[in-house]
Amino acid sequence: MLKLEFDRGTILVHGDQATIEDLELPGCAFDHRVALCRAPARYYRDIVTRLTEVYIPFEDEARSFGKLDLALQVDRTPFPYQQEAIDAWWQAKGRGIIVLPTGSGKTFVAQLAMMRARRNTLIIVPTIDLMQQWYGVLSAQFDTEVGLIGGGYFEVKPISVSTYDSAYIHMERLGNRYGMVIFDECHHLPGPSYLMTADLTLAPYRLGLTATLEREDGGEEKLVDAVGPTVYRQEIKSLAGEYLADYETIKISVRLSPEEREQYQASREIYRAFLSQHRISMASSHGWVRFLTMTSRSDAGRKAFMAYRTQKTISQGSTAKMRVLKRLLSQHRQDRMLIFTSDNETVYRISRRFLMPAITHQTKVKERHALLSGFNAGDYPFLVTSRVLNEGIDVPAANVAVILSGSGSVREHVQRLGRILRRAKDKHAILYELVAERTGEEYVSTRRRQHNAYR
């Protein structure tokens, strides 16, 4: 009889090795160090299926997860698209990716999946904030203790929430403890380290959740083997008005002052001349790295880098933008507004000038929680941030967003729109995008609006 054993993120197959090699078990290769066939843990389900199909008896000592009897504490009926998503995932044998817009209830979809699979479940998230958010939701919805792995915690429970960083560190030990793994914001998974977390777990059931699947490096293709194919997808446009808030996007072009224009042009010319001299294309995947490398090698390079910073600072935080922002703050003083920038310096400048709370990566966890709670409660009508609120944070009260500056990333732009789309009675969301005329921002704006949510 064959025996399956979990060993540090892999499956060891004990028994007659000649017979095992003849079976051509998925992912298996002979490991001369232990004289056994070994496979990455993610092949566990395929190996079990193969042995069952050919009627080979085996002893399964690999898995140590059990069944869970889960029921929601609060009775809630899924929206039609949520039910369709779960049905599609289940028909795909409990493996695959569900793509739904921010605010459409992906966390609830995950809970429905957990009740279908009924296995010990590990939820993996990108940030400490999201880990705490999932912990609160799951603790309220299920009558069971929820563990935390990350942020100073190591509590391994039948249902646990971990950050990607902590899962990567501990998965060699935890990979057989969970029959289901949920990868929240799964577009993070194709990173070189994080992808190993999917290889090191034998979880037969896998669910990926994201609002923005596509990556600029095309890495989403790696998710098919790690998690499964995309089994269900809905876009913002198809859910807006009925399941998400109705919304509009308004692009406002602003002009630089004569002094700003002169300084911008001078800095831009120095920056562009350096790129041309060293044949650097910022459109290429390695353009930015090459630019940084070359600018560090000479005084001319350092001057070019400072010129780059200067022209970016002028276009992203111009006097005209501040004037328009002041008007929008007055116009929407009865609303709940999020203001996004691309850098912390502008965040703090806006915070001081307009006396509003700010959140950056430097904001401590407790302070961030207090500010978000105050914003949702209406204590703070406005909140300014850089990039830390792009993803995953729940701010249901927000109905207006102002993009003062940002990257050319489609994902970032869609995520920022998603922050204001949480459905509420009579809610109409507005996203303002402020763009400096005749600057590099015009190209950036065109690039990041390449999504059907903006068409």
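The present account deals with the structure reproduced in this document. The residue numbers shown here count from 1 along each chain, following its written sequence. Local features in a predicted model are, by the rule used here, given only for residues with pLDDT of at least 70; side-chain atom pairs are given and counted only at 80 or more, and totals for whole chains, interfaces and linings are based on all residues. Side-chain calculation: all heavy atoms of the structure are included, whereas hydrogens and water are not.

A few points about the overall build of the protein chain
Alright, step 1. Scanning the protein chain from N- to C-terminus turns up 17 helices and 19 strands.
Alright, step 2. Over its C-alpha atoms the protein chain spans a radius of gyration of 25 Å, differing by no more than 12% from the 23 Å that the globule rule assigns to 455 residues.
Alright, step 3. Overall, the protein chain is about 85 × 55 × 40 Å in size when its C-alpha atoms are taken along their principal axes.
Alright, step 4. Buried residues are those whose accessible area, probed at 1.4 Å on protein chains only, stays under 20% of the maximum for their type, while exposed residues exceed 50% and partly exposed ones sit between those limits. When burial is assessed residue by residue, the protein chain has 53% of its 455 residues classed as buried.
Alright, step 5. At a minimum sequence separation of 6, the contacts of the protein chain that also span at least 24 residues come to 71%.
Alright, step 6. The protein chains shown are the only cover counted for residues, whose accessible areas, like all others here, come from Shrake-Rupley with a 1.4 Å probe. For the protein chain, the accessible area works out to roughly 21300 Å², and carbon and sulfur atoms hold 48% of it.
Alright, step 7. Between the mean site of the 61 positive side-chain charges and the mean site of the 53 negative ones, the protein chain shows a separation of 7 Å. Every helix listed is a DSSP run of H or I at least four residues long, and every strand listed is a run of E at least two residues long, numbered separately from the N terminus. C-alpha atoms define the radius of gyration, and 2.2 Å times the number of residues to the power 0.38 defines the globule rule. For this analysis, residues touch if any pair of their heavy atoms sits within 4.5 Å. A positive count includes Lys and Arg, and a negative count includes Asp and Glu. His and the chain ends are not counted in either. Every charge is mapped onto a representative atom, which is NZ of Lys, CZ of Arg, CG of Asp or CD of Glu.

Here we look at a positive patch on the surface
Alright, step 1. Together, Lys 326, Arg 349, Arg 352 and Arg 353 make up a positively charged patch on the protein surface.
Alright, step 2. Considering each element in turn, the positive patch owes the most residues, three residues, to helix 14 (residues 344-354).
Alright, step 3. With respect to the helices and strands, the residue Arg 353 is situated in helix 14. Only residues whose relative accessible area exceeds 30% and that take part in no salt bridge are eligible for patches, with like-charged residues grouped when within 9 Å of each other and nonpolar side chains (Val, Leu, Ile, Met, Phe, Trp, Tyr) grouped when within 5 Å. Salt-bridge detection follows one rule: a side-chain nitrogen of Lys or Arg within 4 Å of a carboxyl oxygen of Asp or Glu.

Things to note about the sheet that holds strand 16 (residues 358-359)
Alright, step 1. Two strands are said to pair when DSSP picks up at least two bridges between them. Taken together, the six strands give an open sheet; going across it, the order is 14-19-18-15-17-16, and neighbouring strands pair in parallel fashion. Lying at the two open borders of the sheet, with one neighbouring strand each, are strand 14 (246-254) and strand 16.
Alright, step 2. Of the pairings in the sheet, the one linking strand 15 (residues 337-340) to strand 17 (residues 382-385) comprises four bridges and is parallel in character. By the bridge assignment, Phe 340 is partnered in strand 17 with Thr 385.

Structural notes on the side chain of Gln 311
Alright, step 1. Inspection of the secondary structure assignment puts Gln 311 in helix 12 (residues 299-316).
Alright, step 2. Between N or O atoms, a polar contact is any pair within 3.5 Å; within protein, one atom must be a potential hydrogen donor and the other a potential acceptor, and residues adjacent in sequence are included only when both atoms are from side chains. Reaching out from Gln 311, the side chain makes a polar contact with the backbone oxygen of Tyr 308 at a distance of 3.0 Å.
Alright, step 3. Beyond its immediate chain neighbours, meaning those up to four positions away, Gln 311 contacts Tyr 264, Ser 267, Arg 268 and Tyr 271.

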